[in-house]
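Structure at a glance
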Amino acid sequence: MAGDEGGGVNQLAQATVYGLLQGCLFGLVAVGFSLVWGVLNVVNLAHGAFVLGGAYLAWELHDAFGLDPFVSMLPAAVVLFGLGYAIQRWLVNLVVNAPIFITLLLTFGLQLLAVNTLILLFTANYRSIPTGYTGISLVLAGDVRVPLGRLIAAALAIGLTAALVYLTRRTRTGLAILATGMDRGAARLMSIKAAHVYALTFGLAAALAGAAGAAVGAVGTFSPADAGRLTLFSFVAAVLGGLGNMWGALLGGLVLGLVESWGGQLLPGTLVNAVAFAALVIVLAIRPQGLAGRAFYASRLEA
Amino acid sequence: MRTRMFLTVGVVAVLSAAACGSKGEAGGGAADNGTLVIGASLSLTGKLAREGILTREGYDVCQSVVNDKGGVPVAGSRRQLVIRYQDDTSQPDTAGQLVDQFNDKGVKLLLGPYGSATTEAAAAVVERNGQVMADSSGADDAIFAKGYRQTFAVLSPATEYAASMVQAIVDLADPKVRTVAFISADDGFSKTVTRGGIAKAEQLGLTVVGEEYVPNGTTDVSGALTKIKPRRPDVIIGSVHLAEGIAIVKQAKELGVAPSGGFAETVAPPTPDFTQALGATAEGVLGSTQWTPTTAGSDKWFGFAGDYANTFAAKFNGRQPEYHGAEATAACLALVLAVEKAGSTDPVKVRGALAGLDEQTFFGPLKFDSSGQNRTKAMQVVQIQGGKPVCVWPANASEAALRWPATKAAA
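This is a predicted model, so every value here is computed, not measured.

Looking only at helices and strands, chain B has 12 helices and 17 strands in total. Since a compact globule built from 411 residues should have a radius of gyration of about 22 Å, the 22 Å found for chain B is in line with a globular shape. Oriented by its inertia axes, the alpha-carbon framework of chain B measures out at about 70 × 70 × 40 Å. Within chain B, the proportion of its 411 residues that are buried is 57%. Partitioning the intrachain contacts of chain B with sequence separation of at least 6 by distance along the chain shows that 69% fall at a separation of at least 24.

This is the structure we're talking about:
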């Protein structure tokens, strides 16, 4: 746009690449949120705090042992799985049959508790995990850069989503999760323990959030104040992509990333958030079940 | 089913917007003979809690130093300084109400809250009640464009934050800088900073090739950087807070945006988090600050800036003061000096003494113009060298020479 040949095209190409990478990261952050909503019908407002839990764990592991944040995704996922399982089994399960407002309030409370605990433990300062490949980029034609850290994060996002799809479609545990989500009564008759399966699902979602947090820590900055923003992104990505399809969150994340990135190029930069929510409103008006989702009850029948 | 989805969306929006907080406890009281009571509404909880507590530390240092030296001399007697705190929970409205509460209890002399938004709210109430406020951290020029007579800011105005860096670059950079681009957060304070920086750049003959605004507090500034990249500025100046400041340096590297001179970012680089988060990438980045331990000037209460740093460190387990603490102490000092000069705690007389104040202090000169701003004091420009911010401008405070170009061009 500044007059040099092809500048505008290169800029748009760069915005597209960056938006897609950012979108994969949004997708990774959102996939657990979407899973819990789709299967348990719980809108987990503490999801962003789980993501931050993973980020701080990765930060501590890097600080203490010099562990690469992408390697730390595994321990972060394990710890968060345990935490998520416990929270669902002994807390959320108590009210999981209550109207959705009760679980909303409960998870909102959990979020406040978690954020303030993080502030006490780690202070409100902004952090970022320094890595050797921070700032290293592959250079494409037209000086379009593909940041290496974000590329790894995007690949892991796609890989983890694929693994989740495999788990829910091809394994006994996954099928039990889906079955319980579809019809708890019938699942019980098949000797599936609903309380255990719900806890397993919530734990799985927390584990994915923890892994996402480690990736966020590797490529971006984070502070306890980001919990709300991360939950909001997850919410938008989950609704955009649609529930009941494990690829939905990734698709929604990609749309969100692209819309923000293109919006940032074509409009004044302060409007990016407005553009993202405008996209959400438009999609909901045209396809209320989301881009890849199924209409509400059907969404509870198959993943 | 669709209704249910929309209902959920609505509830989530309401819950996200619900900012809960409680007001500070009641307390405080009017000045009796042996004491000088000063009120302060501060953000001790909420989103500005970190800076609010740093500000309180500065006020506390002032109180203990003044009292250790016998108290404030008022017309032949000495009064112990007592600062009463109330928590405004980072909400401007609450700050205004607390100022009213102080007034109801007869507390007429006040120290400012943290930040421009809360200070602006407090200043309006101070004006109505005829109280007097020494502002320690509200730098937005908008506060002083309303004709208020009762609020005095010890710190350099917002327009100087970026302008001082522009001046430093023009004075010191070799090879000379010709073009600059601005990336600014979209809050009132940051926009004022950017306007001041652009005016200074144009006045000094630089070409401003970009002016991009990003949402306040964002961690993704890739859009602004992508737009600026083809315009090849020599320097990118960020009018930002910590989050955006870190994002600019980090994402510029990812996107191959390599200004031939370097980066300059107002308040982010002087904070320890900046170098911690960025590691070696932070090297060479310029920043501006209200105060460093090398600031020129001294006073009878705190000595030189270096002495103040030692006093502060002795009180807080060896921790060095950030500029938040120093500017808070300076605001308190301004009130103490004014009360002494007025020989009275009467708000009208103290106000008159503040308006006529012209003192050298550890914080630099304290002298207010007719709007209540301290334009005599210069901002200082720091550069990250060896992982630490060191002062490079102005000459009378600088610790090291400017390293230029600040960043090597990336491949």
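Our next topic: the domain arrangement of chain B. All names here are of chain B. Each assigned domain of chain B is listed with its residue range as follows: domain 1 (35-156 + 293-367) and domain 2 (159-289 + 379-397). When each unit is reduced to the centre of its C-alpha atoms, the spacing between domain 1 and domain 2 is 29 Å. Residue-level contacts link 11 residues of domain 1 with 13 residues of domain 2. The residue makeup of the side of domain 1 that touches domain 2, split by class, is 4 nonpolar, 4 polar and 3 charged.

Next up on the list: the nonpolar core. Formed by 127 residues in total, the largest nonpolar core has its most connected members in Ile38(B), Leu110(B), Ile246(B), Cys332(B) and Ala334(B). If one sorts the elements of this core by residue count, helix 11 (residues 323-342) of chain B sits on top with 14 residues. Counting contributing residues per domain, this core is built from domain 1 (35-156 + 293-367) and domain 2 (159-289 + 379-397) of chain B, each supplying no fewer than three. In this view, Ile246(B) contacts Tyr126(A), Ser128(A), Thr221(A), Ala268(B), Phe274(B), Ala277(B) and Leu278(B); residues no more than four positions away in its chain are not counted. Listed in part, the 97 residues of the second largest apolar core include Ala76(A), Leu106(A), Phe108(A) and Ala218(A).

This part covers helix 10 (residues 248-266) of chain A. The first and last C-alpha atoms of helix 10 of chain A sit 27 Å apart over 19 residues, in line with the 27 Å expected at 1.5 Å per residue. Of all 19 residues making up helix 10 of chain A, 16 are buried, and the element is well covered by its neighbours.

Residues and elements named next belong to chain B. Covered by surrounding structure in strand 5 (residues 132-135) are Val132 and Ala134 together with Met133 and Asp135, the residues of both alternating faces. Remark: the strand 4 (residues 109-111)/helix 4 (residues 116-129)/strand 5 crossover connection has right-handed handedness. Taken together, the 3 bridges between strand 5 and strand 6 (residues 151-153) define a ladder with parallel strand orientation. By the bridge assignment for strand 6, Ala134 is matched with Phe152.

On to helix 3 (residues 92-104) of chain B, then. All names here are of chain B. Its 13 residues give helix 3 an end-to-end C-alpha distance of 19 Å, which sits within 8% of 18 Å, the value for a rise of 1.5 Å per residue. Those residues of helix 3 lying buried are Thr94, Ala95, Gly96, Leu98, Val99 and Phe102. The elements touched by buried residues of helix 3 are strand 1 (35-42), strand 3 (77-87), strand 4 and helix 4. Just downstream of helix 3, Gly106 is the residue with a positive phi angle, here 85°.

Take the packing of helix 2 (residues 47-65) of chain A against helix 4 (residues 100-122) of chain A next. All names here are of chain A. At a minimum axis separation of 9 Å, helix 2 and helix 4 run at an interaxial angle of 25°. Our classification of the angle between helix 2 and helix 4 gives roughly parallel. By crossing handedness, the relation of helix 2 to helix 4 is classed as left-handed. Two secondary-structure elements touch here, helix 2 through Gly48, Ala49, Leu52 and Tyr56 and helix 4 through Gln111, Ala114, Val115, Leu118 and Phe122. For the contact of helix 2 with helix 4, the residue count by class is 7 nonpolar, 2 polar and no charged.

Right, let's talk about the confidence of the model for chain A for a bit. Taken residue by residue, chain A gives an average pLDDT of 89. The fraction at 70 or more is 94%. In this model, residues 1-5 of chain A is a region of pLDDT below 50 whose contacts with residues beyond four sequence positions or in other chains number 7 contacts.

A few words now on the pairing of strand 1 (residues 137-140) of chain A. All names here are of chain A. Examined bridge by bridge, strand 1 and strand 2 (residues 144-147) share 4 bridges and lie antiparallel to one another. Looking at the pairing, Leu140 lines up with Val144 of strand 2. The loop that links strand 1 with its antiparallel partner strand 2 comprises 3 residues; one of these, Gly142, has a positive phi angle of about 75°.

Reading the values: the criteria
- Residues numbered from 1 in each chain as written.
- Chains lettered and ligands numbered in written order.
- Predicted model: local features only at pLDDT ≥ 70, side-chain atom pairs only at ≥ 80, totals over all residues.
- Helix = DSSP H or I, 4+ residues; strand = E, 2+ residues; numbered from the N terminus.
- Rg over C-alpha atoms; globule rule 2.2 N^0.38 Å.
- Buried ≥ 20, exposed ≤ 12 C-beta atoms within 10 Å, placed from the backbone.
- Contact = placed C-beta atoms within 7 Å.
- Domains from an automatic or database assignment.
- Nonpolar A, V, L, I, M, F, W, Y, C, P; charged D, E, K, R; others polar.
- Core = buried A, V, L, I, M, F, W, Y, C linked by C-beta atoms within 7 Å.
- Expected span 1.5 Å × (residues − 1).
- Right-handed = clockwise from strand over helix to strand, strands pointing away.
- Pairing = 2+ DSSP bridges.
- Axes fitted to C-alpha atoms, helices over the stretch in contact; angles between N-to-C directions.
- Parallel < 35°, antiparallel > 145°, perpendicular 65-115°, else oblique.
- Left-handed = near helix turned anticlockwise from the far one by under 90°.
- pLDDT = per-residue confidence, 0-100.

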